[in-house]
Structure formats: structure tokens, C-alpha cells
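Spelled out from the first residue to the last, the chains are:
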Amino acid sequence: MAVSSPVALDAMGGDHAPEQIVAGAVVAVRELGVPVVLVGEPRPLHDLLSRYGAASEIPIVRAEEAISMDEGALASLRRPRSSIAVACHLVRRGDASAVVSAGSTGGVVATAKLRLKTQPGVLRPAIAVALPTVPDPTILLDAGANADAKPEMLVQFAHLGVAYVATALGRDNPRVGLLTIGAEAEKGNKVVKRAHELLETAPGIHFAGNVEGHDLLSGRVEVIVADGFTGNVALKTMEGSVRYAFGQLRQAVDGSAVARIGGLLQRPRLRGLYERLDPEAHGGAVLLGLNGCVVIAHGSSRAKGVAAACELAARLAAEGVVGRVGERIAAIPRSHRLWFSDRR
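Visitor: Could you give an account of the environment of Thr 133, naming the residues involved and the relevant values?
Guide: Position of Thr 133 relative to the elements: it lies in the loop between β5 (126-131) and β6 (138-141). The spacing of Thr 133 and Leu 217 is 84 residues in sequence and 5.3 Å in space, taken between C-alpha atoms. Separated by 2.6 Å, the side chain of Thr 133 and the backbone oxygen of Asp 136 make a polar contact.

Visitor: Mind laying out helix α4 (residues 83-93), listing which residues take part and the relevant values?
Guide: The element α4 is extensively covered by neighbouring structure, given that eight of its 11 residues are classed as buried. All of the buried residues in α4 are Ser 83, Ile 84, Ala 85, Val 86, Ala 87, Cys 88, Leu 90 and Val 91. Against the buried residues of α4 lie β1 (7-10), β2 (36-40), β3 (60-62), β4 (98-101) and α5 (105-116). Phi turns positive, to about 85°, at Gly 94, one or two residues after α4.

Visitor: Can you lay out the packing of helix α6 (residues 151-168) against helix α7 (residues 190-201) for me, pointing to particular residues and giving the numbers?
Guide: In contact at an axis separation of 8 Å, α6 and α7 are set at 50° when each is read in the N-to-C sense. As judged from the angle between their axes, α6 and α7 are oblique. Here α6 runs over α7; the crossing is right-handed. Seen from α6, the contacting residues are Pro 151, Glu 152, Leu 154, Val 155 and Ala 158; seen from α7, they are Val 191, Arg 194, Ala 195, Leu 198 and Leu 199. Considered class by class, the residues forming the contact of α6 with α7 number eight nonpolar, no polar and two charged.

Visitor: Go over the pattern of salt bridges with me, naming the residues and quoting the values.
Guide: Taken as a whole, this structure holds nine salt bridges when the rule is applied. The salt bridge involving Asp 95 is made with Arg 93; its shortest N-O contact spans 2.6 Å. Notably, a salt bridge pairs Arg 171 with Glu 222, separated by 3.7 Å at the nearest N-O pair. You can see Arg 171 sitting in the loop between α6 and β7 (175-179) and its partner Glu 222 sitting in the loop between β8 (206-211) and β9 (223-225), a full 51 residues away along the chain. For Glu 222, a relative accessible area of 5% puts it in the buried group. By sharing partners, the salt bridges in this structure join Asp 136, Arg 171, Arg 175 and Glu 222 into a single network.

Visitor: Give a description of the sheet that holds β5 that names residues and reports values.
Guide: Read from one edge of the open sheet, 11 strands run β3-β2-β1-β4-β11-β10-β5-β6-β9-β7-β8, paired in mixed fashion. The open sheet terminates on both sides in strands that have one partner only, identified here as β3 and β8. On average, each strand axis in the sheet is inclined to that of its neighbour by 25°, with strand direction left out of account. Relative to strand β10 (residues 285-288), β5 runs antiparallel, the two being bridged by three bridges. Residue pairing for β10: Ala 128 is matched across the bridge by Val 286. The strands that helix α1 (residues 19-30) touches are β1 and β2; relative to β2, the one it contacts most, it runs at about 165°.

Visitor: Before we move on, could you go through the nonpolar core and cite the residues and values that matter?
Guide: Leu 9, Leu 38, Leu 141, Phe 157, Tyr 164, Leu 288 and Cys 310 are the most contacted members of the largest nonpolar core, which has 67 residues in total. Examining the composition of this core, we find that 11 residues originate from one element, α6, more than from any other. Every residue in contact with Phe 157, bar those within four places of it in the chain, is listed here: Arg 124, Pro 125, Ala 126, Leu 141, Asp 142, Asn 146, Ala 149, Val 225 and Ala 226. Residues Ile 84, Val 86, Leu 90 and Ala 226 belong to the second largest nonpolar core, which totals 37 residues.

Visitor: Residues and numbers for empty space enclosed by the protein, please.
Guide: Across all of its chains, the model carries two cavities of 30 Å³ or more by this definition. In this structure, the largest cavity spans a volume of roughly 60 Å³. Lining the largest cavity, in full, are Asp 10, Met 12, Gly 13, Ile 67, Ser 83, Ile 84, Ser 101, Gly 103, Ser 104, Gly 107 and Val 108. Of all the secondary structure elements, the ones that give two or more residues to the lining of the largest cavity are α4 and α5. Counted as a void, the second largest cavity has a volume near 50 Å³. Lining the second largest cavity are Gln 119, Val 286, Leu 287, Leu 288, Gly 289, Leu 290, Gly 292, Cys 293, Val 294, Val 321, Val 322 and Val 325. Put simply, the parts of the chain that give the lining of the second largest cavity at least two residues each are β10, β11 (293-296) and α12 (321-330). Tallied by class, residues from the lining of the second largest cavity come to nine nonpolar, three polar and no charged.

Calculation rules
- Residues numbered from 1 in each chain as written.
- Predicted model: local features only at pLDDT ≥ 70, side-chain atom pairs only at ≥ 80, totals over all residues.
- Heavy atoms only, no water.
- Helix = DSSP H or I, 4+ residues; strand = E, 2+ residues; numbered from the N terminus.
- Polar contact = N/O pair within 3.5 Å; in protein donor to acceptor, adjacent residues only side chain to side chain.
- Buried < 20%, exposed > 50% of the residue type's maximum accessible area, 1.4 Å probe, protein only.
- Contact = heavy atoms within 4.5 Å.
- Axes fitted to C-alpha atoms, helices over the stretch in contact; angles between N-to-C directions.
- Parallel < 35°, antiparallel > 145°, perpendicular 65-115°, else oblique.
- Left-handed = near helix turned anticlockwise from the far one by under 90°.
- Nonpolar A, V, L, I, M, F, W, Y, C, P; charged D, E, K, R; others polar.
- Salt bridge = Lys/Arg side-chain N within 4 Å of Asp/Glu carboxyl O.
- Pairing = 2+ DSSP bridges.
- Core = buried A, V, L, I, M, F, W, Y, C linked by side-chain atoms within 4.5 Å.
- 1 Å grid on protein atoms, 1.4 Å probe; cavity = no way out; pocket = protein on both sides within 12 Å on 5 of 7 lines; lining within 4 Å.
- Points joined across faces, edges and corners; volume = space filled by probe spheres on them.

Spelled out as C-alpha cells, the structure:
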């Protein structure tokens, strides 16, 4: 993995910023070989870097403001010199290869759209998340950028997802599923039913039909398309279920001497399963459809998750995910591109 410029890391975004963000930057640079530039308030960042003896290894770019975790999309206008805005500006100027932030999703999405702009032909950017299916991840999008979406937007999300799978996983012609409440074509609301009709005839889309909530981790398809409201609810429900299941498993393993012995024997398998299902291990979500690579780490990310997000961003930037998305949208027949534009 070779990147021409560092990853711009928003040091002020996240539940555990800036301490865990700086710690993650150090891990990314020293253990993963990912060049990073921190964006935020220089004095506290320099002090934190000094604790790791990394003040000379990781540069800092000043940002006068920060978007707090409880601020939404309007913060992008209220805080034009926020750390995420400055990070996006570095990418736009060519001084950074990608942006990583664990800050407010609404703030990151709105700021990135404002600073980097959508790629030609893209109606709305979408958040793509890798679900831990076997043997390869399943990509779910949109996972929260667009609470309301028109049917043609869902078709474009499918194109964005196909481009992402081709770049990140090296798989061409992946199967695409539409997330709804039943496998039958007539199941769902008006938006979903119309999107189903459009996906059936969409050029370049291998549409496998509707999928339901229990298909999220089944590996039945490689790309799952939803509006941002549905996708975000599905994702957080899945994450909560995984945490609950592991909590119950931990209680069961600690319940008796025999159970503890069994737990010790199964520890390697349990550890491997936990690492596969741990959201921090996957680096975060990718905001697709912009003129720049943007990775949104989990808001509660600690050093491990921040470092993984930096590694993901650097890899996607090196593999040209932005260019692949642009090529994918440009390859849509002109009649379909005009159709999209007419309904923007």
C-alpha cells in the first residue's frame, strides 16, 4: 500500500478525542506504516504526541474550531474552520490522500459534501459499511447519510456499492439486494417497490431481489441497498445484538467451574469470533460519491479503531476508490443519467 500524501485525521472528533485519536495516529504510523497528519488544536495535540515520543513523527495542522458530537449538519455552516473542514480542505488541495473522522456523522457528512462536493452525476453520497460476513464482507449502504431517499437514489447507491466492492474486495459483478420487509417484489413501501422495479432493469447491476433483516449476515448478496434511515437502524440493531450475545456468552462461560474450563479451551475460537464481529476492527464506514476519500470511524473508537480507519482510508485512496466510483457513474447509459438528473 503506497499513498502519495498522508491521511488527514480529525483529532477533535469522537467520544474519546483527542487522547484516543492521537494514540490511534501513533499506532497507524508506527505499526501500520500509514502516514498521518493530525488536524486540530496544536498545543494539546503536541503535548499528547510528546507522551509517545512522536512529536517529530506526526505533523499537526491547526484548526480553530471543532464540531461536537451532539451537533448535526448545520454545524458545517456554523463552524467553517472546524477540524473536519480543514481536513477536507487538505484533501481538496492535494495535501492529504483521505480524511478520517470519528466525529458527529451528520457534521462529517455535511462538511464533506460542502468542502469536497459530489462527483459528477452523483445524486447523494452514501455511507457504506462492511458487515462481517464470511468469507468476504457484505457492503451495506446507505447507513445513515440520507434518511429520506427517492427510488432512483437507491439505484445509484447500488452503483456506488458495486464500485466499492470492486475496489476494496476485487470482486466484479457482485450480487445486489434491496433491504425491505419481505422477499416478494411487492413487499415494502412505495419507494422500495419502485426501487425494486428500477433495479431489475438497471444496467450493470446484478440484482438478486429483496433481502430482509435476517439476511444482513447471511452472505446471500455482496451489496445491500437501503435508505439511510433503514440502513442505520439495521446496522445499530445488529451491533447491539452482537454486544448482547457476547455479554450473555461471557456470563454463561463464567457461570460454573466446568463452563470456565470449556471457555478456556474455546478461547482462541471465541477471540477470533469477537475480533471478526468487533466494529473497530473494520475501520469504519466510507462516504462514497464525493471528490475525495472520507472514512467515518465509530464515534466511540479508541486507538485500535482509529488506526484501522486510517489504514482503510489509506488503502482505498491508494486503490483509487474515488476514480472507480466516477468511472462507474460515467458508464451508466446517458438515458439513465438524464433520468436521474430529472428527478434530483
